[in-house]
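Per-entry structural report
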Amino acid sequence: MKKTKIGVVGVSGRMGQEIVKVIEANPRCELFYPLHRDEKWDSKKAAKVDVWIDFSSPEALKDVLKRAAEHKTPVVCGTTGFSKKEKDLLSQYAKKIPVLWSSNMSLGVAVLNEALKSLSAISHFDFQIEELHHNRKKDKPSGTAITLQENLEKAVQKKLPEPVAIRGGGIFGVHKIYSMSDEEVLVFEHTALNRTVFAKGAVQAAEWLVKQKPGLYQIRDVLFGKNKA
Ligand code: NAD
């Protein structure tokens with residue numbers, strides 16, 4: 001069996017280390033190009049990479065996409081804190097190569113984002129998103145909370161208050177969506193129990209993305225198919 005050769009950007013980071021462990025435990029994958037920060041770029045080696053996984057920083061994105069596009073290599077990106085500039089870059093490069101970006105690579109959050117559609121039936125309720133993360137997290141609110149907010153606002157067709165962000169300790173990630181009326185409160189809650197959940201989702205996404213055409217994908221497409229409900 002031919003193994004999927006994976007390149008990892010941000011390999012010495014918290015997520016990078018987790019991704020290495022998941023790749024090493026997966027018999028179908030091979031850690032082919034672990035790219036360290038400020039390491040000299042090896043274009044010959046990069047040409048043999050089947051798919052890149054990038055969990056680094058918004059500043060790295062342009063180089064990652066440019067280098068991947070040179071060899072038509074797909075990119076799975078989990079970096080958060082993107083502005084419009086980086087989101088435009090993702091769309092621009094997705095015309096040339098398959099690009100999958102998700103602010104949260106867990107399968108549970110992908111399902112949660114779908115479940116939000118059902119809240120359209122109670123759109124007259126009040127809504128509030130709350131998220132909790134470890135005290136080293138750079139962006140606030142989390143990329144996941146922003147994505148949940150976008151999907152929730154789409155479902156209930158109204159502007160909602162900013163997500164409440166709490167930082168402390170070693171929390172991997174908790175997201176809660178409160179739907180509140182005078183008579184009842186409904187809470188959707190997702191808890192990441194470790195970082196492996198994001199790494200497993202990213203590697204699963206990478207194995208899926210190598211078989212796709214150029215385009216912009218998200219983790220939900222791995223589960224539900226592109227543009228399908
Ligand atoms: P980290 O700071 O521990 O690691 C980041 C790594 O990227 C470091 O090794 C750093 O040297 C490298 N890096 C930073 N800028 C770079 C550049 N310009 N070029 C090359 N390498 C560069 O951070 P982390 O906790 O591993 O998180 C990384 C990113 O992933 C963050 O944006 C975080 O919010 C995001 N994240 C996403 C998910 C998800 O499921 N999508 C889950 C967890 C974290």
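Structure: above.
Here goes a summary of the coordinates provided. Note that the structure is a prediction, hence the values are computed from the model and not measured.

Lining the immediate surroundings of the ligand are 21 residues, of which Arg-14, Met-15, Ser-57, Thr-80 and Met-105 lie closest. With respect to the ligand, the side chain of Arg-37 contributes an N or O atom lying 3.4 Å from a nitrogen atom. The contact in question runs from an oxygen atom of the ligand to an N or O atom on the backbone of Met-105, over 2.8 Å. In isolation the ligand has 860 Å² of accessible area, and contact with the protein removes 81% of it. Its residues assigned to classes, the shell around the ligand shows five nonpolar, eleven polar and five charged. When residues are assigned to domains, the shell around the ligand turns out to be shared by domain 1 (4–105 + 196–224) and domain 2 (107–191), each giving three or more.

What follows deals with a positive patch on the surface. Taken together, the side chains of Arg-14, Arg-37, Arg-136 and Lys-138 make up a positively charged region of the molecular surface. Relative accessible area serves as the criterion here: at 42%, Arg-14 is assigned to the partly exposed category.

Here the focus is the nonpolar core. Grouped together as the largest cluster of nonpolar side chains are 28 residues, with contacts concentrated most on Ile-6, Ile-19, Ile-53, Val-76, Leu-100, Met-105 and Val-203. Only β1 (4–9), α1 (14–24), β3 (51–54), α7 (196–209) and α8 (219–224) provide two or more residues apiece to this core. With eight residues, α7 is the single largest residue contributor to this core. Every residue in contact with Ile-19, bar those within four places of it in the chain, is listed here: Val-8, Ile-53, Phe-55, Ala-199 and Val-203. Counting 23 residues, the second-largest nonpolar core is a separate cluster that includes Trp-52, Leu-65, Cys-77 and Tyr-93.

Criteria and cut-off values
- Residues numbered from 1 in each chain as written.
- Predicted model: local features only at pLDDT ≥ 70, side-chain atom pairs only at ≥ 80, totals over all residues.
- Heavy atoms only, no water.
- Near = heavy atom within 4 Å.
- Polar contact = N/O pair within 3.5 Å; in protein donor to acceptor, adjacent residues only side chain to side chain.
- Areas by Shrake-Rupley, 256 points an atom, 1.4 Å probe, with all protein chains shown as cover.
- Nonpolar A, V, L, I, M, F, W, Y, C, P; charged D, E, K, R; others polar.
- Domains from an automatic or database assignment.
- Patch = residues over 30% accessible without salt bridge, like charges linked within 9 Å, V, L, I, M, F, W, Y side chains within 5 Å.
- Salt bridge = Lys/Arg side-chain N within 4 Å of Asp/Glu carboxyl O.
- Lys, Arg positive; Asp, Glu negative; His and termini not counted.
- Charge placed at Lys NZ, Arg CZ, Asp CG, Glu CD.
- Buried < 20%, exposed > 50% of the residue type's maximum accessible area, 1.4 Å probe, protein only.
- Core = buried A, V, L, I, M, F, W, Y, C linked by side-chain atoms within 4.5 Å.
- Helix = DSSP H or I, 4+ residues; strand = E, 2+ residues; numbered from the N terminus.
- Contact = heavy atoms within 4.5 Å.

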